[in-house]
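Next come the chains, spelled out residue by residue.
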Amino acid sequence: MYAADVVTAAAEGGAIGDGRTGANLALGVGLVGVAIGWLALARAADRISSGKARTGAMSAIAAGLAGTVLAVLHLATSSGGPGTGNGLVGALAAVPLGLSAVVLGRRALTRCHRTEPSGEPNGEPTKRLTG
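Since this is a predicted model, take the numbers as computed values, not measurements.

Draft legend 1. Spatial organisation of the overall build of the protein chain. Helix and strand counts for the protein chain come out as four helices and zero strands. Along the chain direction, N to C, the helices and strands of the protein chain fall in the order α-α-α-α. Taking the contacts inside the protein chain whose residues are at least 6 apart along the sequence as the reference set, 68% of them involve residues at least 24 apart.

Draft legend 2. Broad picture of the nonpolar core. Judged by nonpolar contacts, Val34, Ala40, Leu41, Ala57, Ile61, Ala101, Leu104, Ala108 and Leu109 together constitute the single largest core of nine residues. Of all the elements in the fold, those that place two or more residues in this core are α2 (20-44), α3 (53-77) and α4 (88-115). Sorting elements by how many residues they give to this core places α4 first, with four residues.

Draft legend 3. Quick look at the environment of Arg54. The topology assignment puts Arg54 in helix α3. A residue is classified by how much of its surface remains accessible, and Arg54, at 42% relative accessible area, is partly exposed. Arg54 sits 58 residues away from Cys112 along the chain, and the two C-alpha atoms are 6.4 Å apart.

Draft legend 4. Looking closely at the environment of Thr110. On the secondary structure map, Thr110 appears in helix α4. A sequence separation of 56 residues divides Thr110 from Arg54, and the C-alpha atoms of the two residues are 9.2 Å apart. A polar contact of 2.9 Å, which involves the side chain of Thr110, links it to the backbone oxygen of Arg106.

Draft legend 5. Region of interest: α2. Taking 1.5 Å per residue, 25 residues should reach 36 Å; α2 reaches 36 Å between its end C-alpha atoms and fits that length. Buried within α2 we find Gly22, Ala23, Ala26, Gly30, Gly33, Val34, Gly37, Ala40, Leu41, Ala42 and Ala44. In the segment just after α2, Asp46 is the residue with positive phi, at about 60°.

Draft legend 6. Fine view of the packing of α2 against α3. Direction vectors running N to C along α2 and α3 enclose 160°, while the axes themselves pass 7 Å from each other. In terms of orientation, α2 and α3 fall into the roughly antiparallel class. Like other packed secondary-structure pairs, α2 and α3 cross with a definite hand, here left-handed. For the pair formed by α2 and α3, the contact residues are Gly22, Ala23, Leu25, Ala26, Val29, Gly30, Gly33, Ile36, Gly37, Ala40, Arg43 and Ala44 on the first element and Ala53, Gly56, Ala57, Ser59, Ala60, Ala63, Ala66, Gly67, Leu70, Ala71 and His74 on the second. Here the contact of α2 with α3 is built from residues that sort into 14 nonpolar, eight polar and one charged.

Draft legend 7. The arrangement of the environment of Thr77 in detail. Here Thr77 is to be found in helix α3. Among the residues examined, Thr77 registers a relative accessible area of 38% and is labelled partly exposed. Polar side-chain contacts of Thr77 include one of 2.9 Å to the backbone oxygen of Leu73.

The rules we used
Residues numbered from 1 in each chain as written. Predicted model: local features only at pLDDT ≥ 70, side-chain atom pairs only at ≥ 80, totals over all residues. Heavy atoms only, no water. Helix = DSSP H or I, 4+ residues; strand = E, 2+ residues; numbered from the N terminus. Contact = heavy atoms within 4.5 Å. Core = buried A, V, L, I, M, F, W, Y, C linked by side-chain atoms within 4.5 Å. Buried < 20%, exposed > 50% of the residue type's maximum accessible area, 1.4 Å probe, protein only. Polar contact = N/O pair within 3.5 Å; in protein donor to acceptor, adjacent residues only side chain to side chain. Expected span 1.5 Å × (residues − 1). Axes fitted to C-alpha atoms, helices over the stretch in contact; angles between N-to-C directions. Parallel < 35°, antiparallel > 145°, perpendicular 65-115°, else oblique. Left-handed = near helix turned anticlockwise from the far one by under 90°. Nonpolar A, V, L, I, M, F, W, Y, C, P; charged D, E, K, R; others polar.

Shown next as structure tokens:
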């Protein structure tokens, strides 16, 4: 099975479940991305000292993009309108949730670059050997 087939099956709700499964999956991934982005932003501002802010920011961007892609695929493959039980409203809510995870991750990543010291990681300039 190809990766595109797996993503399409996840967006459609998979082999089991109703039409809302794909939308719920997109909502869950987007919500996890927002939580990771919020934590990465707190780490970048030195409010939380556990973990690395850059890793969290990149994870939030990846989760936000995945949630947005799943939601858009669910919107493209769902039939009917809102209120038919196929998860259209959930997918519509997952798109801004995923995009906000991307924005939070990008903001944390920008804040990480501003707070990094210049030069070596220990703050000392690079020593060069002459000879």
